[in-house]
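Coordinates in review
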Amino acid sequence: MRRSLLLLKSKKAPGKPARNKELLSSSTILLLLHSHLLVNLGIFSNFNFVADHAVQHGIDANSATLLLSFMGGANCVGRVFFGFLLDTFRGHAILLTALVLVANSLSFFLQEFFLSFASQCVLAGVFGLTFGAYSSSTVVVLKTVTENTTTALGLCFLAFAASSMLVVGTAAALFDKT
């Protein structure tokens, strides 16, 4: 208790002081932040336009909105399941996350070719599952590349926020042109 009060008073984190300059000059962290930004651009565009895409390909609007429910339910399952998987295979966190992102991209890409409602539901479920898995892996991957996970996670959230703002205009323009 006393240590907590001293930390609040001094406003310093326990252990080593944060090295934000070193973190921002790390090529690994910069690559991770850029990949986080780009991955989330794709993810947000799918969340924003999956129902509209399904309607354009002949699925009725009421059924198309169910795709978001499939994504949400699978997202929850993916977070829990992949969390257990990462606990078991922590040494392979970056490889597992890369495989999850490949599966996520494929589920997004294949939505253009499998147009039945059942196949769209399966792909939405795979997308949600892999997005949940990706979300669970962020802190674990950060732990493997830096000790300063608090600041690095804040930077990842900044990339996340930037991609959420960028996707509205860019993905909408691309969606309207196609």
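Look up a bit, the structure's there.
The structure contained in this document is the topic of the report that follows.

About the thresholds
- Residues numbered from 1 in each chain as written.
- Predicted model: local features only at pLDDT ≥ 70, side-chain atom pairs only at ≥ 80, totals over all residues.
- Heavy atoms only, no water.
- Helix = DSSP H or I, 4+ residues; strand = E, 2+ residues; numbered from the N terminus.
- Buried < 20%, exposed > 50% of the residue type's maximum accessible area, 1.4 Å probe, protein only.
- Areas by Shrake-Rupley, 256 points an atom, 1.4 Å probe, with all protein chains shown as cover.
- Contact = heavy atoms within 4.5 Å.
- Expected span 1.5 Å × (residues − 1).
- Core = buried A, V, L, I, M, F, W, Y, C linked by side-chain atoms within 4.5 Å.
- Phe/Tyr/Trp six-rings, centres within 6.5 Å; stacked < 30°, edge-to-face > 60°.

A short note on the overall build of the chain
On a plain count of helices and strands, the chain comes out with seven helices and zero strands. For the chain, the succession of helices and strands along the chain, N to C, is α-α-α-α-α-α-α. Relative to its 178 residues, the chain shows a buried fraction of 34%. Of the roughly 10900 Å² of accessible surface on the chain, 70% is carried by carbon and sulfur atoms.

Considerations on the environment of Leu142
Here Leu142 lies in helix H6 (residues 117-145). Taking the C-alpha atoms as reference points, Leu142 and Ile94, 48 residues apart in sequence, are found 9.5 Å from one another. For Leu142, the contacting residues outside a window of four places in its chain are Leu32, Thr149, Ala152, Leu153 and Cys156.

A look at helix H3 (residues 27-56)
Here H3 spans 42 Å end to end across 30 residues, near enough to the 44 Å set by a 1.5 Å rise per residue. Remark: Gly58 follows H3 within two positions and exhibits a positive phi of approximately 95 degrees.

A short note on the environment of Leu155
By secondary structure assignment, the location of Leu155 is in helix H7 (residues 149-177). On a C-alpha basis, the gap between Leu155 and Leu30 in space is 9.7 Å, while along the polypeptide they are 125 residues apart. For Leu155, the residues in contact, after removing those within four places along its chain, are Leu23, Leu24 and Leu33.

Regarding the nonpolar core
Grouped together as the largest cluster of nonpolar side chains are 21 residues, with contacts concentrated most on Leu67, Phe82 and Leu86. Of all the secondary-structure elements, those providing two or more residues to this core are H3, helix H4 (61-88), helix H5 (93-110) and H6. With seven residues, the top contributor of residues to this core is H6. Excluding residues that lie within four positions of it along the chain, Phe82 makes contacts with Leu96, Thr97, Val100, Ala133, Ser136 and Ser137. Formed by seven residues, the second largest nonpolar core is a distinct cluster that contains Leu23, Ile29, Leu155 and Cys156.

Digging into the packing of aromatic side chains
According to the stated counting rule, one finds three aromatic pairs in the structure shown. A centroid spacing of 5.0 Å and a plane angle of 65 degrees characterise the contact between Phe44 and Phe160, whose relative ring orientation is edge-to-face. Highlighted residues: Phe44 in helix H3 and Phe160 in helix H7, separated in sequence by 116 residues. Among the residues examined, Phe160 registers a relative accessible area of 31% and is labelled partly exposed. Seen in terms of ring centroids, Phe108 and Phe127 are 6.5 Å apart; in terms of plane orientation they differ by 45 degrees. Their pairing is tilted. Taken together, the positions of Phe108 in helix H5 and Phe127 in helix H6 put the pair 19 residues apart, joining distant regions of the chain.

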